[in-house]
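Secondary and tertiary structure notes
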Amino acid sequence: KITFPFKIEMVDRPNGAKCLNYGALLFSLGMFVILAFEMKLFTGLIPKIPHTSPKSYWQLPVCLLGNFVGVYIVYLLVSQTYLADKVIASGANLILNKLSLDNWALSSLSSGILCGVLITLSVLSVDHSHKKGLSANIGVMFPIIVFVFCGFDHSIANMFYFAAAGILACQVRP
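Throughout what follows, the structure given in this document is the object of discussion. (Residues numbered from 1 in each chain as written. Predicted model: local features only at pLDDT ≥ 70, side-chain atom pairs only at ≥ 80, totals over all residues. Heavy atoms only, no water.)

**As for the side chain of His154**
Let me state the cut-off plainly: The numbering of helices and of strands both runs from the N terminus, where a helix is a DSSP run of H or I of at least 4 residues and a strand a run of E of at least 2. The cut-offs for exposure are 20% and 50% of the maximum accessible area for each residue type, with area from a 1.4 Å probe on protein chains only; residues under the lower value are buried, those over the upper are exposed, and the others partly exposed. In what follows, residue pairs with any heavy atoms lying within 4.5 Å of each other are defined as contacts.
Its location among the elements puts His154 in the loop between helix H6 (136–150) and helix H7 (155–164). For His154, a relative accessible area of 7% translates into the label buried. Not counting residues up to four positions away in its chain, the partners in contact with His154 are Phe27, Thr43, Cys115, Ile119 and Phe147.

**What about the packing of aromatic side chains?**
The cut-off we apply is this: Working definition: rings of Phe, Tyr and Trp (its six-membered ring) pair if their centres are within 6.5 Å, and the pair is stacked with planes under 30 degrees apart, edge-to-face with planes over 60 apart, and tilted otherwise.
Considering all chains together, one arrives at 2 aromatic pairs under this definition. With centroids separated by 5.5 Å and ring planes inclined at 45°, the aromatic side chains of Tyr72 and Tyr75 adopt a geometry described as tilted. Here Tyr72 and its partner Tyr75 are both found in helix H3 (residues 59–78), 3 residues apart, which amounts to about one turn of the helix. With respect to class, Tyr72 is no different from Tyr75; both count as buried.

The following block contains the structure:
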């Protein structure tokens with residue numbers, strides 16, 4: 001439940017999982033920062049492909065690699081904190097449960113496309129809010145909240161879960 005003044009409570013879903021109020025709020029805040037500072041994140045570049053020159057397409061794989069490196073650094077930092085046991089175990093369980101499904105690839109692809117549509121709406125809302133007299137804040141937040149509550153797969157966020165599960169592990173040996 002979210003009540004004024006910004007009291008957020010975790011709510012039980014019928015299947016016992018907790019709603020992702022904090023995640024939705026934090027992801028929305030992250031999207032505000034990304035869009036306000038015009039940061040180059042993969043999910044922010046994808047909606048702009050139709051308006052991008054083919055000469056600039058090289059930015060997509062470079063950005064995806066940069067996002068991967070950034071996520072892996074965050075994983076390494078989190079692994080050294082008091083949150084490591086809970087966060088990394090939860091992330092590992094999440095991705096391992098998804099991979100154990102019979103149709104995990106199709107499910108993740110479909111879920112990722114739905115996430116992409118919502119992220120695109122969020123990113124493009126900033127560009128179009130002044131034309132329609134809409135609040136850019138609501139335009140950014142609402143699609144993010146919907147995607148988080150629906151539990152759609154976000155390719156960049158899933159990189160963290162793969163790292164937590166040891167699937168993307170790399171070892172440095174002397």
